[in-house]
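Read off the chains here:
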Amino acid sequence: MSDDHPPAKLWAGRFTEPTNALVERFTESVSLDQRFAKHDIRGSIAHARMLAEVGVLSADDRDAIVRGLEGILADIEAGAFEWRVSLEDVHMNVESVLTERIGDAGKRLHTGRSRNDQAATAVRLWLRDAIADIAEAIRALQGVLLSIAEREADTVFPGFTHLQPAQPITFGHHMLAWFEMLARDAERLAESRVRVNRMPLGSAALAGTPYPIDRALTARLLGFDGLCENSLDAVSDRDFAIEFVSGCALAMTHLSRMSEELVLWVSAPFGFVELGDAWCTGSSIMPQKKNPDVAELVRGKSARVIGDLNALLVLMKGQPLAYNRDNQEDKAPLFDAADTTTDCLRVFAGMLGTLQCRRERMREAARLGHTTATDLADYLVRRAVPFRDAHEVVGRAVRTAVETGRDLSDLTLDELRAFSPVIEGDVFEVLTLEGSVAARNHPGGTAPEQVRAAIARARERLGAGVGAD
Ligand code: ARG
């Protein structure tokens, strides 16, 4: 960024002294909001077209403005645009260079608008793109989860509650749980877009504008679904951005929980899965180490995005109507939340693409802790034993298994019959891991058959773009 021969500020008229250099640096936002350039220019072109349509701008001025802005955008995209801190933000940088290039027509662009509605519009246009990017990253990760679920639909895995072995499940079912978490994240982001996609332009500084503007036309040109109804509200509230970041924070919270599970699963005592070497890192002192740093960092980065959400909420809560400069501080948390969430989703999809299951380890762990005890109780219930009595009987059987150092499913038929005479040879069908998972055979259950049906439904939902932008 340069400021050797700064052009005059667009608001210099009222001032007798140049801005203090520290204030200039302190108040600038162009270092961040230059990221909005494309969206700002798109908004300006639509505004100019509307002004010409209602007769406020001549067709010649409109054409000069549109051509000038298109040229500026091309320069920005080619990295050939000189950003100036003295011009504070993307909006004044673009307008100032436009006037340098096309003369008086450039000075007419700002008719009937203010930087307040201009900035609020740019952030909304940018957010539409950010939401689409994140939705795409979520879909890609969901696709990876479905492939793993398909491959591991029959793979027996320990289901935990309290991190204690609880009941056997299938690994495919576990992957589908992650899929559902992400499906809601995509849904939430799509829902936030409804409130993002309303147009503030026309609100001007805070009260509207005396020109005969056609807001509906500008909105159509920009693909907004509707107008912000109140000018004071339109230039000041950033609740739509807070909703978006809240969606990011929830998605990151989900990724963090998944990361936590991966970190456990790759550790030697669990040893359930392997991740590709390219997605892990080593230790500078312990040569044997292969660490799941990517998963740990995703878990760590969730803290940042949760912080971004907090920053935006606190930024908003003390502001009186209408626009206050505080709102300029929305950029850092907003960009950080979007970038971090997108990165984490992408890295997670790449890493999971290399996940290999150690099925024997999973199976062994699923047997630990008498995880089919509930199945034995359900078996007794099917033979008319009241559930509470069945619970008691199985509890005693488990105690025997514990005392003799065996798993419940290793007790002999005679031993089991000593606890309840209704037990017969078919009991082992439910005491096995496969029998246990296959028995949970209803939509939402862990039976391999249900996992396959759920995958088919999930593929249809993904194809139909449910939860996507
Ligand atoms: N740089 C400002 C921002 O990022 C643009 C709007 C400023 N408006 C104003 N009246 N100072 O929010």
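It should be emphasised that the depicted structure is a prediction, and the values quoted were computed from it without experimental measurement.

(A) Layout of helix α5 (residues 90-102). Helix length check: α5, at 13 residues, gives a terminal C-alpha distance of 18 Å against a target of 18 Å (1.5 Å per residue), a fit within 8%. Counted residue by residue, α5 has 10 buried out of 13 residues, so it is predominantly covered. Looking at α5, one finds that the buried residues are V90, H91, M92, N93, V94, E95, S96, V97, L98 and T99. Where the residues of α5 are buried, they touch α2 (30-33), α3 (37-53), α4 (59-77), α6 (104-108) and α7 (115-151). Looking one or two residues beyond α5, the residue adopting positive phi is G103, at roughly 75°.

(B) View of helix α20 (residues 448-463). In this model α20 runs 22 Å from its N-terminal to its C-terminal C-alpha over 16 residues, within 8% of the 22 Å that 1.5 Å per residue would give. Restricting attention to buried positions, one finds in α20 the residues P448, Q450, V451, A454, I455, A458 and L462. Down the axis of α20, the buried set is contained in an arc of 140°. They therefore lie on one face. For α20, the exposed residues lying more than 90 degrees away from the buried face are E449, E460 and G463. Packed against the buried residues of α20 are α7, β2 (164-170), α8 (171-196) and α19 (433-439).

(C) Representation of a nonpolar patch on the surface within the structure. Nonpolar side chains collect at one region of the surface, where L10, W11 and F15 lie side by side and expose about 290 Å² of accessible area between them. The class of W11 is partly exposed, set by a relative accessible area of 33%.

(D) Structural context of the site of the ligand. As a structural note, the neighbourhood of the ligand is formed by S29, D33, E88, D89, R115, N116, Y323, R325, Q328 and K331. Within the side chain of N116, one N or O atom sits 2.9 Å away from a nitrogen atom of the ligand. Note that an oxygen atom of the ligand is positioned 2.8 Å from one of the side-chain N or O atoms of Y323. Notes on the ligand: free accessible area 340 Å², of which the protein chains cover 86%. Class assignment of the residues belonging to the shell around the ligand gives a composition of one nonpolar, three polar and six charged.

(E) Quick look at the packing of α3 against α5. Axis separation between α3 and α5 bottoms out at 10 Å; the angle between their running directions is 60°. By the angle class used here, α3 and α5 are oblique. Seen from above, α3 lies across α5 with right-handed handedness. Contacts between α3 and α5 involve A37, D40 and I41 from the former and V90, H91 and V94 from the latter.

(F) Quick look at the packing of aromatic side chains. A full pass over the atoms with the stated rule returns 13 aromatic pairs. Seen in terms of ring centroids, F157 and F272 are 5.3 Å apart; in terms of plane orientation they differ by 70°. Their pairing is edge-to-face. Of the two residues, F157 is situated in strand β1 (residues 156-161) and F272 in the loop between α11 (239-266) and β5 (273-274); the sequence distance between them amounts to 115 residues. The pair formed by F157 and F272 is uniform in burial state, with each residue classed as buried. Among the aromatic side chains, those forming a connected cluster through ring pairs are F157, F160, F171, W178, W265, F270, F272 and F348.

The rules behind these values
- Residues numbered from 1 in each chain as written.
- Predicted model: local features only at pLDDT ≥ 70, side-chain atom pairs only at ≥ 80, totals over all residues.
- Heavy atoms only, no water.
- Helix = DSSP H or I, 4+ residues; strand = E, 2+ residues; numbered from the N terminus.
- Expected span 1.5 Å × (residues − 1).
- Buried < 20%, exposed > 50% of the residue type's maximum accessible area, 1.4 Å probe, protein only.
- Contact = heavy atoms within 4.5 Å.
- Arc of directions from axis to C-beta.
- Patch = residues over 30% accessible without salt bridge, like charges linked within 9 Å, V, L, I, M, F, W, Y side chains within 5 Å.
- Areas by Shrake-Rupley, 256 points an atom, 1.4 Å probe, with all protein chains shown as cover.
- Salt bridge = Lys/Arg side-chain N within 4 Å of Asp/Glu carboxyl O.
- Near = heavy atom within 4 Å.
- Polar contact = N/O pair within 3.5 Å; in protein donor to acceptor, adjacent residues only side chain to side chain.
- Nonpolar A, V, L, I, M, F, W, Y, C, P; charged D, E, K, R; others polar.
- Axes fitted to C-alpha atoms, helices over the stretch in contact; angles between N-to-C directions.
- Parallel < 35°, antiparallel > 145°, perpendicular 65-115°, else oblique.
- Left-handed = near helix turned anticlockwise from the far one by under 90°.
- Phe/Tyr/Trp six-rings, centres within 6.5 Å; stacked < 30°, edge-to-face > 60°.

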